[in-house]
Amino acid sequence: MIPFVDLKAQYHSIKAEVDAAVIGTLESCQFTLGSEVVAFEKEFAEFSGNSIGVGVNNGTSALHLALLAAGIGPGDEVITVPFTFVASAAAIYYTGAKIVFCDIDPVTFTMDPAALEAAITPRTKAVIPVHLFGQMADMDPIMAIAKKHGPVVLEDSAQAHGAEYNGRRAGSIGDMSGFSFYPGKNLGAAGEGGMVVTGNEEFARQVRMLRDWGAEKKYHHVLKGYNMRLEGMQGAVLRVKLRYLEKWTEARRAAAARYEKLFANSGVATPAALENRRHVYHIYAIRTDHRAAFQDELNKRGIQTGIHYPYPVHLLPAYEDLGYREGQFPHSEKAANQVLSLPMYPELTGEMQEEVAAAVIELQHRYAG
């Protein structure tokens, strides 16, 4: 069996340090927020090229609270893409604002700046470009459009820890950025976790209060807030893992380069990595019109795969009330019908990749000629 991800392999490679971090939390009894979270907030903000980090309970909360901190609410419109995990849209819904979609660039799977500008109205108050699969969106034109029209830019960096655009890291370009530390992410907690990263002191102050029942200090509730604090144990574990993230990222990039070499001249449609961007390969997704057959056959051979994502958000039953129809976002819909995610993680060996590539190439020749 070649697993899609292998969290056990990662854990065993740093077991002593992770175990010590967990035991340290148990001994300190700082279970909610605490010194480990404070230290991790500082370290991860610096890693992301920014000055302030505010830890929360998951990546969805990071987006949700960031929007609230920016004053987003009923009557406002927030633009994002439909080819993403549903949380990008759900965070907008939670604020009471209207979800507005624009299509993706078919090469990078990220927000098409021209489609963004066409979707802007006087009610547009925020834009959420999604750095999908580990490659950042085309941020320069997105920021120029935002400057022209006035919306806040919130980077959805849930899959882009350490990704770069023209030498700048995910989390350092927009007004705020939301990160996820779900266990399977490039930087994953031992459970759930998230963070808002920003250089804006007032946005950070608002998020800090919102995550902790709206309290400016204990029992003094300034806002109607939430219970969305990052646990102390997650902060401790994430501090350990952050020290290895660059090493793990380079291992992912080397694995992606190995796949590219193995798939060369095979006809397999591999992910595009633009020269001005550092792709961190949270997901390595090929494209095929025969996805169901590929996935079924690979599974029979003991090769696990995933689909990220089989349905664009505008076609999900939960969001049919938005009124969008099939055909409105053709690039998002085509990507959702074609993408197939192959095994990708730092511990993936060359031999495992050779087995995966050989099977995929065989299927490519069988079904696509």
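See the structure printed just above.
In this report, we go over the structure that sits alongside the text. Every chain begins its residue count from 1, and numbering advances along the sequence as written. For this predicted model, a pLDDT threshold of at least 70 governs which residues receive local features, and a threshold of 80 or more governs which side-chain atom pairs are given and counted, while totals over whole chains, interfaces and linings are taken from all residues. Calculation of side-chain values draws on the structure's entire complement of heavy atoms; hydrogens and water are dropped beforehand.

It is worth spelling out the overall build of the protein chain at this point. What the protein chain contains, in helices and strands, is 13 helices and 14 strands. This radius of gyration counts C-alpha atoms alone. The globule rule is 2.2 Å times how many residues there are, raised to the power 0.38. What you see for the protein chain is a C-alpha radius of gyration of 20 Å, in line with the 21 Å of a compact globule of 369 residues. Seen through its C-alpha atoms, the protein chain measures out along the principal axes to roughly 65 × 55 × 35 Å. When accessible area is computed with a 1.4 Å probe and restricted to protein chains, residues below 20% of their type maximum are described as buried, those above 50% as exposed, and intermediate ones as partly exposed. Residue burial in the protein chain is summarised as follows: out of 369 residues, 55% are buried. Counting from the N terminus, the helices are the DSSP runs of H or I reaching at least four residues and the strands are the DSSP runs of E reaching at least two.

The two faces of strand β13 (residues 284-287) match: Tyr284 and Ile286 on one face and Ala285 and Arg287 on the other face are all buried. Direction of pairing for β13 relative to strand β14 (residues 339-342): antiparallel, over a ladder of four bridges. Among the inter-strand pairings, Arg287 is bridged to a residue of β14, identified as Val339. Here, any two strands with at least 2 DSSP bridges between them count as paired.

Once that is clear, we can look at the packing of aromatic side chains. Each pair of aromatic rings taken from Phe, Tyr and Trp, with Trp reduced to its six-membered ring, is defined by centres within 6.5 Å and is described as stacked if the planes are under 30 degrees apart, edge-to-face if over 60, and tilted in the remaining cases. Following the criterion strictly, the structure yields 18 aromatic pairs and no others. Considering the side-chain rings of Phe44 and Phe47, the 5.8 Å spacing of their centres and the 25° angle between planes classify their relative orientation as stacked. Highlighted residues: Phe44 and Phe47, both in helix α3 (residues 35-47), separated by three residues, approximately one helical turn. On the basis of relative accessibility, which here comes to 14%, the residue Phe47 falls in the buried class. In textbook terms, an aromatic cluster arises when at least three aromatic residues are bridged by ring pairs, as seen for Phe40, Phe44, Phe47, Phe179 and Phe181.

Attention now goes to the side chain of Asp76. Mapped onto the secondary structure, Asp76 falls in the loop between α4 (59-69) and β2 (77-80). We call two residues in contact whenever any of their non-hydrogen atoms come within 4.5 Å of each other. Aside from chain neighbours lying at most four places away, what touches Asp76 is Gly71, Ala97, Lys98, Arg123 and Lys125.

Strand pairs in the sheet, formed through backbone hydrogen bonds, run parallel or antiparallel to each other. In spatial order, the strands read β7-β6-β12; together these three strands make up an open sheet with antiparallel pairing. Edge positions in the sheet fall to β7 (168-169) and β12 (277-278), since each has one partner strand and no second. In terms of strand pairing, strand β6 (residues 164-165) meets β7 through two bridges, oriented antiparallel. Each residue of the ladder has a partner; that of Tyr165, found in β7, is Arg168.

What follows concerns unusual backbone geometry. A cis amide bond links His308 with the next residue in sequence, Tyr309, at an omega value of 10°. Along the chain, Tyr309 turns up in the loop between α11 (291-300) and α12 (330-338). At Asn265, a residue that is not glycine, the phi angle is positive and equals roughly 60°. When you line up the elements, Asn265 lands in the loop between α10 (245-263) and β12.

Moving on, we get to the nonpolar core. One finds Phe40, Phe44, Leu67, Phe83, Leu116 and Phe181 to be the most contacted residues of the largest nonpolar core, which totals 84 residues. The element contributing the most residues to this core is α4, with six residues. If sequence neighbours within four positions are ignored, Phe83 has contacts with Ile104, Phe109, Leu132, Phe133, His308, Tyr309, Ser332, Ala335, Ala336 and Val339. Ranked by size, the runner-up nonpolar core spans 23 residues in total, among them Leu298, Leu342, Met344 and Ala359. Residues belong to one nonpolar core when they are buried, are Ala, Val, Leu, Ile, Met, Phe, Trp, Tyr or Cys, and are joined through side-chain atoms within 4.5 Å.

We count a salt bridge whenever a side-chain nitrogen from Lys or Arg sits within 4 Å of a carboxyl oxygen from Asp or Glu. Scanning the model with the defined rule gives 21 salt bridges in all. With a closest N to O distance of 3.7 Å, Asp138 and Arg277 form a salt bridge. Linking Asp138 in the loop between β4 (124-127) and α7 (139-149) with Arg277 in strand β12, this pair joins segments that are 139 residues apart in sequence. Looking at Asp138, the relative accessible area reads 22%, which means it is partly exposed. Between Arg169 and Glu246 there is a salt bridge; the shortest N-O distance is 3.1 Å. Here Glu246 lies in helix α10 and Arg169 lies in strand β7, a separation of 77 residues in the sequence. Taken together, the salt bridges that share partners define one network made up of Glu164, Arg169, Glu246, Glu250, Arg253 and Arg278.

Attention now goes to the packing of α3 against helix α9 (residues 232-242). Lines fitted to the C-alpha atoms define the axes, with helices restricted to the stretch that makes contact. Angles between their N-to-C directions range from 0 to 180 degrees. Contact pair α3 / α9: the axes reach a minimum separation of 8 Å and the direction vectors enclose 40°. Taken together, α3 and α9 sit at an angle that is classed as oblique. Classified by chirality, the crossing of α9 by α3 is left-handed. Across from Glu36, Val37, Ala39, Phe40, Glu43, Phe44 and Phe47 in α3, the residues of α9 making contact are Gly232, Gly235, Ala236, Leu238, Arg239 and Leu242. Under this grouping Gly is polar, as are all residues other than the nonpolar Ala, Val, Leu, Ile, Met, Phe, Trp, Tyr, Cys and Pro and the charged Asp, Glu, Lys and Arg. The residue makeup of the contact of α3 with α9, split by class, is eight nonpolar, two polar and three charged. Comment on the angle field: the value is read as roughly parallel under 35 degrees, roughly antiparallel over 145, roughly perpendicular from 65 to 115, and oblique elsewhere. Here a crossing is called left-handed whenever its near helix is offset anticlockwise from the far helix by less than a right angle, and right-handed whenever the offset is clockwise.

Before going further, it helps to spend a moment on helix α13 (residues 350-368). Here α13 is 19 residues long and its end C-alpha atoms lie 26 Å apart, about the 27 Å a rise of 1.5 Å per residue gives. Among the residues of α13, Gly350, Gln353, Val356, Ala357, Ala359, Val360, Ile361, Leu363 and Gln364 are the ones counted as buried. Turning to α13, the residues buried within the fold contact α10, β13, α11 and β14. Given a helix with a known number of residues, its expected span is that number minus one, times 1.5 Å.

The next point concerns the sheet that holds strand β1 (residues 52-56). Strand order across the open sheet formed by seven strands is β1-β9-β8-β5-β4-β2-β3, with mixed pairing between neighbours. Of all the strands in the sheet, just β1 and β3 (98-101) have a single pairing partner and so form its edges. Across the sheet, the mean angle separating the axes of adjacent strands is 25° when strand polarity is ignored. As paired elements, strand β5 (residues 152-156) and strand β8 (residues 176-180) share three bridges and run parallel to each other.

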